[in-house]
Amino acid sequence: MYKTTLAQLVYDFKTLRNLMAKATPARSGDYLAGVAAANNLERVAAQTVLAEVPLKRFLNEALVPYEHDEVTRLIIDEHDNTAFATISHLTVGDFRNWLLSEQATTSALTAIAAGLTPEMVAAVSKIMRLQDLILVAKKCRVITRFRNTLGLENRFSTRLQPNHPTDSPAGVAASLVDGLLYGCGDAVIGINPASDNLEATLRLLNLLSEVIERYQIPTQACVLAHVTTTMKAIEQGAPVDLIFQSIAGTQKANDSFGINLDLLNEAHHAGLQLNRGTLGNNCMYFETGQGSALSANAHEGLDQQTCETRAYAVARKFKPLLVNTVVGFIGPEYLYDGKQIIRAGLEDHFCGKLLGLPMGCDVCYTNHAEADQDDMDMLLTQFAVAGGTFIMGVPGADDVMLNYQSTSFHDALYVRQLLGLRPAPEFEQWLIQHKIFNSENQLLQQPDMPLLFKQTLQNLGNADHD
Amino acid sequence: MTENNPITLKLDPWHELTRFTPARIALGRAGMSLPTRACLDFQLAHALARDAVNIPLDFASLARRLSTQGYKSLTLQSQAENQAMYLQRPDLGRLLNAASLSGLQNNAAVVATDAVIVVADGLSSKAIANHAEPFLNLLLPELLQKNCKFPPVCLVKHGRVAIGDAVAEHYAARLCIVLIGERPGLSSPDSMGIYFTYKARAGKSSDAERNCISNIHPNGLSYQRALHKLMFLIDKAEKLQFSGVDLKDETTDFTEKKLQQVNFLLD
């Protein structure tokens, strides 16, 4: 069925799952899983065959059996045939042409989102070049709200990530001040706790909530603990804005994360009931990343990019404020070098946006990957050009708790300056009001003591002399 | 290079906050970008971390240093043939190659063995070069004092944590102690980890059956504290007859300086 002859060689791909894996641009995780194309020719053969597959086929041939996997059931059961109608006659190759055409306007793309399955989107991404991924993603518009408005045109947001190796309140606060004074934090102020226990989570939740309240910052907070820890915190009356969870694209991988759809549903409802958003109620924050299913030995024979895209079906069920692909965190056994990390980041952004998600990207790498700051500049710039929703803001790009390199406050300012992108409007007003930014989207030089924290910093100075 | 020209360079007046965190805060800016000094500082840290991953461990030198202290060792290798393969194929890093297996056969245990000590380069050769020998100098006498019998220390090139399982199985040892170079951070390129597994068996032991003592380096956990934790885990595992997630490290950690507990933004 999935057969072609190229250069006098016959290629017969037995299943759609096999075809998808072989059509995927080279990456180390697929070699590790033993699902990648054996050589360049086999990859192109697979891409050629994949381009001829009708989109409808994906509704009839599940890549992971329906009976066996609740993510597949979610994808099939929630598929919107009406939204699909416009494109239901297309093959994967035709779909690429349609996406690039003038017909695929922002509103047309919004209209088909519910009619697309992750597999359709992953398939088309496999035959798209980076410029295609950028151009089409740029046409998508996904707007979400909690205490501000994210995803508007010509806006670019940041998660302020003030992590500290021991969750010290003073250490967190120091990075928080630094980030705010550099104009970061409109997507969320989000801390990865050093230890996932309830006590630490409660302490950090209270800290962030009090700071946001005291300084009237139009943003939201999140402590990135396991969803069950956050639910316990809610039961104890903690001020929870966003509920975080890492998610993956197979039931088995989600099992290994200690979650399932029912649990996420319960968490979502608990978040909605708190009703802490002022402008909207998108209260979930999800993180994903290619390779996470394989690392849990739960990839079900899928390539890692298809697995990743299936995680977006899980995300979209719960109308998140933010989805973040933590693209280079996992290491070189899944994404070997800068080239693989860059492509993966842009694929994830494209696939997520097409499915209707507010996609951010943790533009990042570890020290054992073949990558450096130049590679990050490439991905950062291309992600921003593609209309990415948000990136991380980590002091000096060096996360001292998680031991990896992400994007810095300076990186965010670089992109804003280069492309004329502004923070979320409510947050921008706050920055202007507190004389951190001017109305021209520029950072103002701070006086001896920045006005917002003048009293605080002076007290600190005095305390030293006591 | 001058760092005080206010026209091209803007300093951050909240510099005093740097005492609360090792994070790279208050770096200042050139335009809106990173100043030259901060940019080069970062490149230096990255170079050190990269070298920790890529510069091969001098196994012969490590063996000599151990021998000087009176400890025998055996040098083995995983099925990863080179560094690039090691990084991309964690599965191969968990298996001993043929030469190493036969090397082990020639070193059959003559007496009953209690423990095996495995040292693997892992992701930071610098960690092992700096910390393995001094740590073993504390650990091995402690084990001997407990009348714990162990074969030569196995030094494994391109090894992952689970490679210790094969060694433990070969010697039919109850206690498997693996010292390994951890994924290097920008501020900790030479961090060593210790993994302890009770009754480790090749291909059977899961990560949930291991206990990890992480972050052993000059700015992290000291050798003495690491040893204290490891001996606690060993004693407890001997009583419980298992290791892993249900074996909790109950040694108390140092309490943080009071300074760090204050939130100056709110207090």
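For every chain, the first residue of its written sequence is number 1, and the numbers climb from 1 along that sequence. Labels follow written order: the first chain is A, the first ligand is 1, and so on. A pLDDT threshold of at least 70 governs which residues receive local features in this predicted model, and a stricter bar of 80 or more applies before side-chain atom pairs are shown or counted, although totals over entire chains, interfaces and linings include all residues. Values reported for side chains reflect all heavy atoms of the structure, with hydrogen atoms and water molecules removed beforehand.

1. What to know about the interface of chain B and chain A
Interfaces are frequently sized by the accessible area removed from exposure as the parts join. Let me state the cut-off plainly: Residues count as neighbours in contact if any of their non-hydrogen atoms are within 4.5 Å of one another. Buried surface area refers to the total accessible area, computed with a probe of radius 1.4 Å, that the two partners give up upon joining, counted for both partners together. When a carboxyl oxygen of Asp or Glu lies within 4 Å of a side-chain nitrogen of Lys or Arg, that pair is called a salt bridge. Think of a polar contact as two N or O atoms within 3.5 Å of one another; within protein, one of them needs to be a possible hydrogen donor and the other a possible acceptor, and neighboring residues in sequence only count if both atoms come from side chains. Strands are runs of DSSP state E lasting at least two residues, helices are runs of H or I lasting at least four, and both sets are numbered from the N terminus onward. For this classification, Asp, Glu, Lys and Arg are treated as charged, while Ala, Val, Leu, Ile, Met, Phe, Trp, Tyr, Cys and Pro are nonpolar and the rest, including Gly, are polar.
On the chain A side, the residues contacting the 48 residues of chain B number 61 residues. Per-residue buried area on chain B facing chain A is highest for M32, R183 and L265 of chain B; these three make up 17% of the total on that side. R24 of chain B serves as the salt-bridge partner of D398 of chain A, at 2.7 Å between the closest nitrogen and oxygen. Joining chain B to chain A, the criterion identifies 14 residue pairs in polar contact (both at pLDDT 80 or more). Residue assignment for the side of chain B that touches chain A shows that the elements contributing at least two residues are α1 (36–54) and α3 (83–88) of chain B. Broken down by element, the residue count for the side of chain B that touches chain A peaks at six residues, all from α1 of chain B. Class assignment of the residues belonging to the side of chain B that touches chain A gives a composition of 25 nonpolar, eleven polar and twelve charged.

2. Points about helix α3 (residues 40–51) of chain A
Residue and element names in this part refer to chain A. Threshold: Helix span, expected: 1.5 Å multiplied by one less than the number of residues in the helix. Burial status follows relative accessibility: with a 1.4 Å probe on protein chains alone, a residue under 20% of its type maximum counts as buried, one over 50% as exposed, and anything between as partly exposed.
End to end, α3 covers 17 Å across twelve residues, agreeing with the expected 16 Å (1.5 Å per residue, within 8%). Residues E42, R43, A45, A46, Q47, V49, L50 and A51 constitute the buried set of α3. In this structure N39 caps α3, since a side-chain oxygen of it lies 3.2 Å from the backbone nitrogen of L41.

3. Regarding the side chain of D30 of chain A
All names here are of chain A. Our working definition: Just so you know, the count uses Lys and Arg for positive and Asp and Glu for negative, and it drops His and the chain ends.
Relative to the helices and strands, D30 is located in helix α2 (residues 28–33). As a buried residue without a salt bridge, D30 has its nearest oppositely charged side chain in R27, at a separation of 4.5 Å. When neighbours within four sequence positions are excluded, D30 is seen to be in contact with T24, V35, A36, D303 and Q304.

4. Points about the packing of aromatic side chains
Our working rule: Centres within 6.5 Å are what make two rings of Phe, Tyr or Trp a pair, Trp counting through its six-membered ring; a difference in plane orientation under 30 degrees is then read as stacked, over 60 as edge-to-face, and the rest as tilted.
One pass over the structure, following the stated rule, counts eleven aromatic pairs over all chains. Here the aromatic rings of Y182 of chain A and F409 of chain A are separated by 6.3 Å at their centres, their planes lie at 25°, and the arrangement is stacked. Here Y182 of chain A, found in the loop between α11 (169–181) and β6 (188–191), pairs with F409 of chain A, found in helix α20 (residues 409–419); they are 227 residues apart in sequence, far enough to count as distant. Using a relative accessible area of 1% as the deciding quantity, one classes Y182 of chain A as buried. Summarising the aromatic geometry, the rings of F20 of chain B and F264 of chain B are spaced 5.1 Å apart at their centres and angled 25° between planes, so their arrangement reads as stacked. Taken as a pair, F20 of chain B in the segment before α1 and F264 of chain B in the segment after α7 (223–240) lie far apart in primary sequence, 244 residues in all. Each member of the pair F20 of chain B and F264 of chain B is classed as buried. Put simply, the rings of Y182 and F409 of chain A together with W14 of chain B pair up and form one aromatic cluster.

5. Here's the deal with the environment of D167 of chain A
Residue and element names in this part refer to chain A. Tracing the backbone shows D167 in the loop between β5 (157–160) and α11. Residue classification places D167 among the buried positions, given a relative accessible area of 5%. Contacts of D167, omitting those with residues within four sequence positions, involve V172, N192, P193, A194, S195, A200 and L204. A polar atom in the side chain of D167 sits 2.9 Å from the backbone nitrogen of A194.

6. Points about the domain arrangement of chain B
Residue and element names in this part refer to chain B. What counts is decided by this rule: The split of the chain into domains comes from an automatic or database domain assignment.
Here chain B is partitioned into domain 1 (9–53) and domain 2 (57–249). Summarising the inter-unit geometry, the C-alpha centres of domain 1 and domain 2 are found 35 Å apart. The partner domain 2 presents ten residues to the nine residues of domain 1 that form the contact. Of the roughly 730 Å² buried between domain 1 and domain 2 on both sides combined, carbon and sulfur atoms contribute 64%. Summed over the three residues of domain 1 that lose the most area to domain 2, namely A49, A52 and V53, the buried surface amounts to 62% of that side. Taken together, domain 1 and domain 2 are joined by zero salt bridges. Linking domain 1 with domain 2 are three residue pairs in polar contact (both at pLDDT 80 or more).

7. What about the layout of surface pockets?
Rolled over the atoms, a probe with the dimensions of a water molecule shows which regions are left empty. All names here are of chain A. Rule in force here: Think of a 1 Å grid over the protein atoms and nothing else: a 1.4 Å probe that fits but is trapped marks a cavity, an open set flanked by protein within 12 Å on at least five of seven lines marks a pocket, and residues with an atom within 4 Å of a point count as lining. Grid points are joined across faces, edges and corners, and a volume is the space filled by probe spheres set on the points.
Quantified by volume, the second largest pocket comes out at close to 660 Å³. Surrounding the second largest pocket, 26 residues form its lining, S246, F257, E287, V326 and F329 being those nearest its centre. Contributing elements (two or more residues each) for the lining of the second largest pocket: β8 (243–246), β9 (284–288) and α16 (292–295). If you tally residues by element for the lining of the second largest pocket, the top one is β8, at three residues. Along the lines of polarity and charge, the residues of the lining of the second largest pocket split into twelve nonpolar, eleven polar and three charged.

8. Concerning the sheet that holds β8 of chain A
Residue and element names in this part refer to chain A. Just so we agree on the cut-off: The criterion for strand pairing is that DSSP finds at least two bridges linking the strands in question. Helix axes use the C-alpha atoms of the stretch in contact, all axes being lines fitted to C-alpha atoms, and the angles between their N-to-C directions lie in the range 0 to 180 degrees.
One open sheet accounts for eight strands, arranged β7-β6-β5-β12-β11-β10-β9-β8; its pairing is parallel. The sheet is open, and its two edges are formed by β7 (221–223) and β8, each paired on a single side. The sheet shows a mean angle of 25° between the axes of neighbouring strands, taken without regard to direction. Examined bridge by bridge, β6 and β7 share three bridges and lie parallel to one another. Directly across from I191, in β7, lies its bridge partner V223. In this fold helix α17 (residues 304–317) packs onto β9, β10 (322–325) and β11 (359–361), with an angle of close to 170° to the strand it touches most, β9.

9. Observations regarding unusual backbone geometry
A negative phi angle is the norm for most residues apart from glycine, just as the trans form is the norm for most peptide bonds. The phi dihedral of N297 of chain A falls on the positive side, at around 55°, and the residue is not glycine. Residue placement: N297 of chain A occurs in the loop between α16 and α17. On the accessibility criterion, N297 of chain A (54% relative accessible area) is exposed. Here K199 of chain B, not a glycine, exhibits a phi torsion of approximately 50°, which is positive. Secondary-structure assignment places K199 of chain B in the loop between β5 (192–198) and β6 (210–216).

10. Some remarks on the pairing of strand β1 (residues 73–77) of chain B
All names here are of chain B. Side chains L74 and L76 project from β1 onto a buried face, and the interleaved S73, T75 and Q77 project onto a face without burial. As defined by bridge partners, β1 adjoins strand β3 (residues 153–157) across five bridges and the pair is classed as parallel. Bridge pairing links T75 to L155 in β3.

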